Amino acid sequence: MEFLVSTVDDFRLEEIYRSYANAFPEDERRSETQFRKLLSHPKAKVISLLHDATFVGYLILWELSESVFVEHLEIFPQYRNQNLGSTVFKYLFQEYSKIILESEPEFWHEEASRRIKFYLRNGFQVIDKDYIQPAYEPEKNAVALWLLANFQPEKKNVMIEEIYDVVYSKIF
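Keep in mind that this is a model prediction, so the values were computed, not measured.

## Considerations on the side chain of Ser31
With respect to the element layout, Ser31 can be found in the loop between α1 (13–23) and α2 (32–37). By relative accessible area, Ser31 is classed as buried at 18%. Excluding residues that lie within four positions of it along the chain, Ser31 makes contacts with Tyr17, Glu137 and Lys140.

Here's what the structure looks like:
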């Protein structure tokens, strides 16, 4: 699998944003303007995922002081159930020792339940069931999500504050 960091002139960005806007609920995603600003943020990466030269999905991650935060990961529907998501995590585990991500609680719907089971199978554990994803815009809502990690943070509140400060600050 290839992991290509996107730049402002990446021809795949239109498809990434279109799929992103369809895959994630309004309150759990950025506007297109905010999305495009990620490309110039020094700690953010939008990564195109290619398997056998086919564009199969994308990853949005943030490099924090002691960990990496996976903001969004999507394998396009036609490529799911081929172990590509697990392949992405194997790559991330090689590149980063500490990985954090948010997910909808498993009781919200069947897809959320499958997603949590997928994360647990791939080495993550739920570290906070009371986590709140801040609102992306004033007219959007904050969302109660679960926070997962492949490690047990010593100072969870400090880590969450860094996520809020780096990932969610100054996005309006």
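## Focus on the environment of Leu64
Among the structural elements, Leu64 can be located in the loop between β3 (54–63) and β4 (68–75). On the accessibility criterion, Leu64 (9% relative accessible area) is buried. Along the chain, Leu64 and Val166 lie 102 residues apart, while their C-alpha atoms are 7.7 Å from each other. The contact partners of Leu64, leaving out residues within four places of it in the chain, are Phe69, Glu162, Ile163 and Val166.

## What to know about the nonpolar core
By size, the foremost hydrophobic cluster in this structure holds 33 residues, and its most contacted members are Phe35, Trp62, Phe69, Leu147 and Ile163. Within the residue set of this core, elements represented by two or more residues are α1, β2 (44–51), β3, β6 (125–133), β7 (143–149) and α5 (156–167). One finds Phe3, Leu61, Ile75 and Phe124 within the second-largest nonpolar core, a separate group that totals 23 residues.

## Observations concerning the sheet that holds β2
Strands sit in the order β1-β2-β3-β4-β5-β7-β6 across an open sheet of seven strands; the sheet is mixed. Looking at strand neighbours, the two that pair on one side only are β1 (2–5) and β6, the edges of this open sheet. Adjacent strand axes in the sheet meet at a mean angle of 30° when their direction is disregarded. The sheet contact formed by β3 and β4 spans seven bridges and is antiparallel. The residue bridging Trp62 from the neighbouring strand is Phe69, located in β4. Relative to the sheet, helix α4 (residues 110–121) contacts β5 (99–103), β6 and β7, its axis offset from that of β5 by approximately 165°.

## Some thoughts on the packing of aromatic side chains
For the coordinates displayed, the defined rule picks out 17 aromatic pairs. On the numbers, 3.7 Å between centres and 10° between planes, the contact of Phe3 with Tyr91 is stacked. You can see Phe3 sitting in strand β1 and its partner Tyr91 sitting in helix α3 (residues 84–95), a full 88 residues away along the chain. Residue classification places Tyr91 among the partly exposed residues on the basis of a relative accessible area of 26%. Consider the rings of Tyr131 and Tyr164, whose centres lie 6.0 Å apart with planes at 40°: the pair is tilted.

Calculation criteria
Residues numbered from 1 in each chain as written. Predicted model: local features only at pLDDT ≥ 70, side-chain atom pairs only at ≥ 80, totals over all residues. Heavy atoms only, no water. Helix = DSSP H or I, 4+ residues; strand = E, 2+ residues; numbered from the N terminus. Buried < 20%, exposed > 50% of the residue type's maximum accessible area, 1.4 Å probe, protein only. Contact = heavy atoms within 4.5 Å. Core = buried A, V, L, I, M, F, W, Y, C linked by side-chain atoms within 4.5 Å. Pairing = 2+ DSSP bridges. Axes fitted to C-alpha atoms, helices over the stretch in contact; angles between N-to-C directions. Phe/Tyr/Trp six-rings, centres within 6.5 Å; stacked < 30°, edge-to-face > 60°.

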